[in-house]
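Secondary and tertiary structure notes
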Amino acid sequence: MSHNENLLEVDGLRTVFDTSEGMVRAVDGVDVTVRRGECLGVVGESGSGKSVTFSSVMGLVRSPGRIESGSIRFEGRDLTRLSPREMRAIRGRDISMTMQDALTALNPALTVGEQLSEMLDAHDEDLPARGGARRRAIRDKSVEMLRLVGIPSPDSRLDQYPHEFSGGMRQRIMIAIALAPGPKLLIADEPTTALDVTIQAQVLELISEIRARLGMSVVLITHDLGVVAEHCDRVMVMYAGQVVEEGATVDVISNPQHPYTRGLLGSIPRLSLRGKPIRPIQGQVPNLVGLPPQCRFYSRCPDRTEACLQFVEMRNVGSDRRARCIALTQEEVA
Amino acid sequence: MTSTANPLLNVENLSKVYEGRQSLANRLAGVQPFSVRAVNDVSFHVERGEVLGLIGESGCGKSTLGRAVLRLHEPTAGRVRFDGEDVTALSAGALKDMRRRMQIVFQDPYASLNPRSTVADIVGLPLRLHGLARTGAEVREKVARILERVGLNAAHLDRYPHQFSGGQRQRIGIARALISHPEFIVCDEPVSALDVSIQAQIIQLLLELKDEMGLTYLFISHDISVIGYLSDRVAVMYLGEIVEMGPTDDVLARPRHPYTQSLMSAVPDVDAPGKHQRVRLAGELPSPLDPPKGCKFHTRCPLAIDACKREAPVSEQVAPGHQVACHRLAEDLSVWETGAEAGTR
């Protein structure tokens with residue numbers, strides 16, 4: 001696969017947090033590929049490392065966390081080797097991230113317009129160099145951005161503060177700020193988790209629409225497989241700091257290879273399953289401190305054997321499909 | 001399921017209004033204080049052994065309704081009958097006794113357990129309040145037994161809530177609700193704060209306990225898949241009112257109210273992505289401080305006509321036990337057929 005097709009290539013990323021109880025390997029050898037124009041879904045439960053992986057990509061991991069090893073290539077440049085100043089230029093302009101909780105992510109003391117202007121002022125190179133012309137251009141662009149994300153009467157709402165907007169509107173504002181410099185990659189971290197289902201549908205459709213219009217790539221971090229099924233081309237399933245399965249969304253959902261993915265799909269209650277027992281995954285996510293180098297899903301896996309007590313690598317299980325389960329190699333060898 | 005002569009819970013015309021505080025100046029000037037009609041003239045019943053799912057978006061009044069039923073929030077008007085007895089008329093002492101039989105599991109397993117009490121104290125409190133155990137040893141023994149049943153064990157008795165994960169805390173909350181052997185439980189979004197795999201474990205547990213102990217649930221959730229999976233009947237709420245109610249299969253498979261239809265079409269479906277035609281509901285829930293006149297859904301409804309702006313629709317029966325409040329019911333329309341996008345974006 002040519003480098004040209006891949007916008008982002010993360011290779012062997014390890015992000016750790018030093019805590020009083022020991023080192024937490026929150027992200028432990030994660031590879032990610034984001035292709036140009038695609039929407040990649042990243043699915044996992046709390047503590048799976050999905051947010052930390054992409055905070056690492058954004059260069060937002062702070063002490064006591066640190067990137068221990070691995071490379072993060074964006075258009076061929078390794079972001080882990082950039083100076084903070086070089087990284088600042090990329091963050092926002094080329095890669096943007098929206099946070100789950102729009103209320104805490106937005107600055108309550110600045111108007112929405114001020115926060116949009118800040119982003120445009122820092123990153124938009126098409127603006128007039130200085131003076132009133134620049135200010136007017138920023139204002140116009142800000143109004144245009146709010147209109148793009150579907151906020152009614154954007155001109156007057158620009159001067160309002162975040163608390164004057166509803167949850168759905170705040171999420172739209174954050175998307176507007178993230179999109180303002182025209183990034184090539186938008187990382188949306190649980191953009192709809194805090195929202196009602198009718199508002200969720202609006203926000204997700206908005207992201208899909210804008211992606212199609214601007215031709216950017218989107219990483220959609222979520223715990224909801226339904227959202228992935230509706231909006232993502234490919235999906236990556238994470239568990240306890242590792243990727244356990246990835247592939248085209250249709251393939252992964254219709255034919256899951258890893259027991260965790262199967263368990264996750266089996267855990268979703270559905271109208272059609274009424275009266276039949278659902279099959280929850282037993283137990284809970286292991287403590288990430290001092291994990292032995294075995295399959296991380298071992299303690300909860302219905303199909304575990306002694307063979308699982310060793311380090312398990314990702315393996316190819318079909319065209320563009322990978323999964324991390326020892327049972328799959330045995331099948332291939334046979 | 002149609003109404004029998006003696007449902008376990010019968011709610012008639014229940015309303016809950018929160019009054020705003022009024023300044024002296026406004027009172028002298030005769031300005032009306034603001035008020036929020038969180039629950040407006042709601043009637044329903046729950047049969048013994050049944051799960052009634054109550055679904056709606058945030059702010060629709062579903063949690064207020066659940067609490068008003070238990071008189072955790074005092075209803076403003078209407079009547080709640082539990083096993084034939086008028087709960088709304090009970091004295092404080094009689095209400096306390098009644099609460100042994102009616103319990104609640106809360107949404108937030110972090111906020112609903114006292115961080116300074118041990119599990120034995122938290123789960124054992126109902127036993128002490130209702131005089132169901134004579135000695136401390138008996139309390140501990142009974143608590144240990146119920147902990148076992150919800151998937152914890154006696155080793156957890158002297159631990160504090162912060163030592164547990166979200167799923168385990170929800171199990172503690174369930175143990176607390178069950179220890180007095182109630183007949184009826186209001187489950188107020190008990191799985192919303194949990195991860196998918198843990199959510200499935202808790203749903204499974206609640207269903208098992210219901211069969212074992214012969215429980216009746218009023219199950220409140222915003223998640224249609226959860227409600228669809230475990231409810232016998234469903235009630236859909238919008239801005240304080242029930243707009244559609246009936247057997248789960250009828251309501252969710254053949255929703256008749258345009259709001260239920262829109263809600264169903266907004267749920268992403270893991271089995272059949274893109275199967276549904278989308279109805280994009282314009283705008284958001286109107287402010288309950290100033291709800292629309294007429295049908296409260298008309299500001300977002302793709303099917304709204306002039307009559308909807310003037311007059312609130314009356315609930316009508318469309319099939320046995322299935323009732324819908326919509327002016328355009330007789331025309332048998334659906335929001336999908338119109339192809340219209342509601343209002344302006």
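Residues numbered from 1 in each chain as written. Chains lettered and ligands numbered in written order. Predicted model: local features only at pLDDT ≥ 70, side-chain atom pairs only at ≥ 80, totals over all residues. Heavy atoms only, no water.

A short note on the overall build of chain A
Within chain A, the regular secondary structure consists of 12 helices and 12 strands. Taking 20 Å as the expected radius of gyration for a compact globule of 334 residues, we find that chain A reaches 21 Å, a close match to that expectation. In terms of principal-axis extent, the alpha carbons of chain A reach across some 70 × 50 × 45 Å. Going through the 334 residues of chain A one by one, you find that 54% of them count as buried. Look at the contacts in chain A between residues 6 or more apart in sequence, and 63% of them connect residues 24 or more apart. (Helix = DSSP H or I, 4+ residues; strand = E, 2+ residues; numbered from the N terminus. Rg over C-alpha atoms; globule rule 2.2 N^0.38 Å. Buried < 20%, exposed > 50% of the residue type's maximum accessible area, 1.4 Å probe, protein only. Contact = heavy atoms within 4.5 Å.)

Structural notes on the pairing of strand E6 (residues 102-105) of chain B
Remember that side chains alternate between the two faces of the sheet whenever the strand is regular. Residue and element names in this part refer to chain B. On E6, burial covers both faces: Met102 and Ile104 on one face and Gln103 and Val105 on the other are all buried. When E6 meets strand E7 (residues 184-188), the two strands line up parallel, connected through 4 bridges. Along E7, the bridge assignment pairs glutamine 103 with isoleucine 185. (Pairing = 2+ DSSP bridges.)

Here we look at the sheet that holds strand E11 (residues 315-316) of chain A
All names here are of chain A. The 8 strands lie next to each other as E6-E7-E8-E3-E9-E10-E12-E11, forming an open sheet whose pairing is mixed. Both edges of this open sheet fall to strand E6 (95-98) and E11, since each of them pairs with a single strand only. Direction of pairing for strand E3 (residues 39-43) relative to strand E8 (residues 217-222): parallel, over a ladder of 5 bridges. Among the inter-strand pairings, valine 43 is bridged to a residue of E8, identified as threonine 222. Lying on the sheet, helix H7 (residues 167-179) is in contact with E6 and strand E7 (185-189); it crosses E6 at an angle near 170°. Those strands touched by helix H8 (residues 197-214) are E3, E7 and E8, and its axis lies near 160° from that of E8. (Axes fitted to C-alpha atoms, helices over the stretch in contact; angles between N-to-C directions.)

Describing the pattern of salt bridges
When the charged atoms of two side chains lie near each other, side chains of opposite charge can form a pair. The full count for this structure, using the stated rule, is 47 salt bridges over all chains. For the salt bridge of arginine 134 of chain A with aspartate 121 of chain A, the shortest nitrogen-to-oxygen distance reads 2.7 Å. Highlighted residues: arginine 134 of chain A in helix H5 (residues 131-148) and aspartate 121 of chain A in helix H4 (residues 112-123), separated in sequence by 13 residues. According to the relative accessible area criterion, arginine 134 of chain A is buried, its value standing at 15%. Residues glutamate 74 of chain B and arginine 71 of chain B are paired through a salt bridge, measuring 2.6 Å at the closest nitrogen-oxygen approach. Given the relative accessible area of 40%, glutamate 74 of chain B is considered partly exposed. Judged by its relative accessible area of 12%, arginine 71 of chain B is buried. Residues joined by salt bridges that share partners form a network here, namely Arg36, Glu75, Arg93, Asp94, Glu125 and Lys184 of chain A. (Salt bridge = Lys/Arg side-chain N within 4 Å of Asp/Glu carboxyl O.)

A closer look at the domain arrangement of chain A
Residues and elements named next belong to chain A. Along its sequence, chain A is organised into domain 1 (1-94 + 185-271 + 278-291) and domain 2 (104-182). Distance between the C-alpha centres of domain 1 and domain 2: 27 Å. Of the roughly 1200 Å² buried between domain 1 and domain 2 on both sides combined, carbon and sulfur atoms contribute 70%. Inspection of the domain 1/domain 2 interface yields 1 salt bridge. With a closest N to O distance of 3.5 Å, arginine 93 and glutamate 125 form a salt bridge. (Domains from an automatic or database assignment. Buried area = accessible area lost by both parts, 1.4 Å probe.)

Thoughts on the environment of methionine 264 of chain B
Residue and element names in this part refer to chain B. Locating methionine 264 in the fold gives a position in helix H10 (residues 258-266). In this structure the C-alpha to C-alpha distance between methionine 264 and valine 279, which are 15 residues apart in sequence, comes to 9.2 Å. Methionine 264 has contacts with Ile224, Leu252 and Pro255, leaving out every residue within four places of it along the chain.

With respect to the interface of chain B and chain A
The interface of chain B with chain A comprises 41 residues on the first partner and 45 residues on the second. For the pair chain B and chain A, the interface holds 0 salt bridges. At the junction of chain B with chain A, the criterion picks out 11 residue pairs in polar contact (both at pLDDT 80 or more). Looking at the side of chain B that touches chain A, the elements with two or more residues in it are helix H7 (196-213), helix H8 (224-230), helix H9 (248-253) and H10 of chain B. The element best represented in the side of chain B that touches chain A is H7 of chain B, accounting for 8 residues. By residue class, the composition of the side of chain B that touches chain A is 17 nonpolar, 13 polar and 11 charged. (Polar contact = N/O pair within 3.5 Å; in protein donor to acceptor, adjacent residues only side chain to side chain. Nonpolar A, V, L, I, M, F, W, Y, C, P; charged D, E, K, R; others polar.)

What to know about the packing of aromatic side chains
Summed over all chains, the structure comprises 7 aromatic pairs over all chains. Summarising the aromatic geometry, the rings of tyrosine 259 of chain B and phenylalanine 297 of chain B are spaced 5.2 Å apart at their centres and angled 65° between planes, so their arrangement reads as edge-to-face. Pair noted here: tyrosine 259 of chain B is in helix H10 and phenylalanine 297 of chain B is in the loop between H10 and helix H11 (306-310), with a separation of 38 residues, a long-range link. One aromatic cluster in this structure is built from Tyr239, Tyr260 and Phe297 of chain A. (Phe/Tyr/Trp six-rings, centres within 6.5 Å; stacked < 30°, edge-to-face > 60°.)

A few points about the packing of helix H4 (residues 119-129) of chain B against helix H6 (residues 166-178) of chain B
All names here are of chain B. Between H4 and H6, the least distance of the axes is 7 Å, while the angle of their chain directions is 30°. The angle between H4 and H6 places the two elements in the roughly parallel class. The segment H4 lies against H6, with Val119, Ile122, Val123 and Pro126 engaging Ile172, Ala175 and Arg176. By residue class, the composition of the contact of H4 with H6 is 6 nonpolar, no polar and 1 charged. (Parallel < 35°, antiparallel > 145°, perpendicular 65-115°, else oblique.)

Details of the nonpolar core
Residue and element names in this part refer to chain B. Counting residues in each nonpolar core, the largest one holds 67 residues, and the members touching the most others are Val123 and Ile174. At 7 residues, H7 tops the list of elements feeding residues into this core. With residues up to four places along the chain from it excluded, the contact list for isoleucine 174 reads Val105, Val150, Ile202, Leu205, Leu206 and Leu209. (Core = buried A, V, L, I, M, F, W, Y, C linked by side-chain atoms within 4.5 Å.)

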